[in-house]
Amino acid sequence: MSKTHLGHRARKRFGQNFLHDSFVIESIVDAINPQEGEALVEIGPGLAALTEPVCERVSHLTVVELDRDLAERLEQHPFLQQKLTVYRGDALKTDFHQFAPEGERLRVFGNLPYNISTPIIFHLLEHLDVIGDMHFMLQKEVVDRLAAEPSTKTYGRLTVSVQQACAVEPVLNVPPGAFTPPPKVESAVVRLTPYQQPPHPVQCRKTLQKLCLVAFNQRRKTIRNNLKEIISSEQLEALGIDPSARPETLTVADYCRLANWYYEQQGTV
């Protein structure tokens, strides 16, 4: 199949791969389960593969689209234009608070461009006070990292940062053939549900993220070695952490204790 889909050529710089498999699309929309009256926001609607079936179930949807051609197409769409609010902008620079009606939480979803999916997730972690849940199509490897357990290769900074804030639930796997052009990787859909009361609270999420960045920078070294500029072996032991442990063996709770200790000592990293 050519890279031109419904007259639109997939743009590499936007990481565009368009979903066309109707069975997969229905499965994703069923997983999202959009309801009338909810504050729904789609990131990167593209050619409206998810937008159309969602709009069959509800009367309003906000979409965030960076590609001018695609934004225009949606604004002029014969069936969708009445139901859509098209926000032209980069999701990475968008303040999602503006989309949340007073006292309501957003339901955010999208087939995220794989080249910026992790930064978008980190960006959305700054908006959790107005987010009820998130459903994203991602590279399967990213979903594996989100859902990883300690002491595995996929466990890392993304795992700890997201699991501290959200319950992570892989929903379904999606084969490359469901897209045009087919990506070279497997895809998967994940549901992220922000905790109202996180099991491991942190005083500052930014501190946790930056601390994880340092801790996981050299995975083969011990936690003592990686964090030696930040914390002493004695202090690690006082926090119940073995200084000779590898970074991927520490639990989310361990990293949260570390981040809270550091924040109390220093403020932000």
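The model shown is predicted, which means the values in this text are computed figures rather than measured ones.

A. Layout of the packing of aromatic side chains. In this structure the tally under the stated criterion is five aromatic pairs. Aromatic pair Tyr 87 and Phe 99: ring centres 5.2 Å apart, planes at 80°, arrangement edge-to-face. On the criterion of sequence distance, the pair formed by Tyr 87 in strand β6 (residues 84-88) and Phe 99 in the loop between β6 and β7 (106-111) is long-range, its members being 12 residues apart. On the numbers, 6.1 Å between centres and 70° between planes, the contact of Tyr 155 with Phe 216 is edge-to-face. Of this pair, Tyr 155 sits in the loop between α5 (140-146) and α6 (157-165) while Phe 216 sits in the loop between α7 (205-215) and α8 (223-226), and the two are 61 residues apart along the sequence. Pair check on accessibility: Tyr 155 and Phe 216 agree, each one buried. Here the aromatic cluster, defined as three or more aromatic residues joined through ring pairs, consists of Tyr 87, Phe 96 and Phe 99.

B. Summary view of the UniProt feature "domain: Ribosomal RNA adenine methylase transferase N-terminal" (unreviewed entry) in the protein chain. Residues annotated in UniProt with the feature "domain: Ribosomal RNA adenine methylase transferase N-terminal" (unreviewed entry) correspond here to residues 24-196. Overall, residues 24-196 shows 28% helix and 28% strand. The separation of its end C-alpha atoms is 31 Å.

C. Structural view of the packing of α6 against helix α10 (residues 252-266). It is the contact of α6 with α10, at a shortest axis distance of 10 Å, that shows an interaxial angle of 85°. Of the possible angle classes, the one that applies to α6 and α10 is roughly perpendicular. Packed against α6, whose contacting residues are Val 160, Gln 163 and Gln 164, the element α10 presents Val 252, Tyr 255 and Cys 256 at the interface. Considered class by class, the residues forming the contact of α6 with α10 number four nonpolar, two polar and no charged.

Reading guide: rules and limits
- Here the residue index of a chain counts from 1 through its sequence in written order.
- The predicted origin of the model limits local features to residues at a pLDDT of at least 70 and limits the giving and counting of side-chain atom pairs to 80 or more, whereas totals for whole chains, interfaces and linings rest on all residues.
- Derived side-chain values reflect all non-hydrogen atoms in the structure, with water molecules and hydrogen atoms excluded from consideration.
- For Phe, Tyr and Trp, rings pair up if their centres lie within 6.5 Å, where Trp contributes its six-membered ring, and each pair is then called stacked (planes under 30 degrees apart), edge-to-face (over 60) or tilted (otherwise).
- The secondary structure listing takes helices from DSSP runs of H or I that are at least 4 residues long and strands from runs of E that are at least 2 residues long, numbered from the N terminus.
- Burial classification: accessible surface area is computed with a 1.4 Å probe over protein chains only, and a residue below 20% of its type maximum counts as buried, one above 50% as exposed, and the rest as partly exposed.
- UniProt positions are given in the numbering used here, feature names are shortened, and annotations may be inferred rather than shown by experiment.
- Axis angles are defined between N-to-C directions and span 0 to 180 degrees, where every axis is a line fitted to C-alpha atoms and, for a helix, only to the segment in contact.
- Throughout this description, any angle smaller than 35 degrees is read as roughly parallel, any larger than 145 degrees as roughly antiparallel, any in the 65 to 115 degree range as roughly perpendicular, and the remainder as oblique.
- Every residue pair with non-hydrogen atoms within 4.5 Å of one another is taken to be in contact.
- Any residue outside Ala, Val, Leu, Ile, Met, Phe, Trp, Tyr, Cys, Pro, Asp, Glu, Lys and Arg is labelled polar, Gly included; the first ten of those are nonpolar and the last four are charged.

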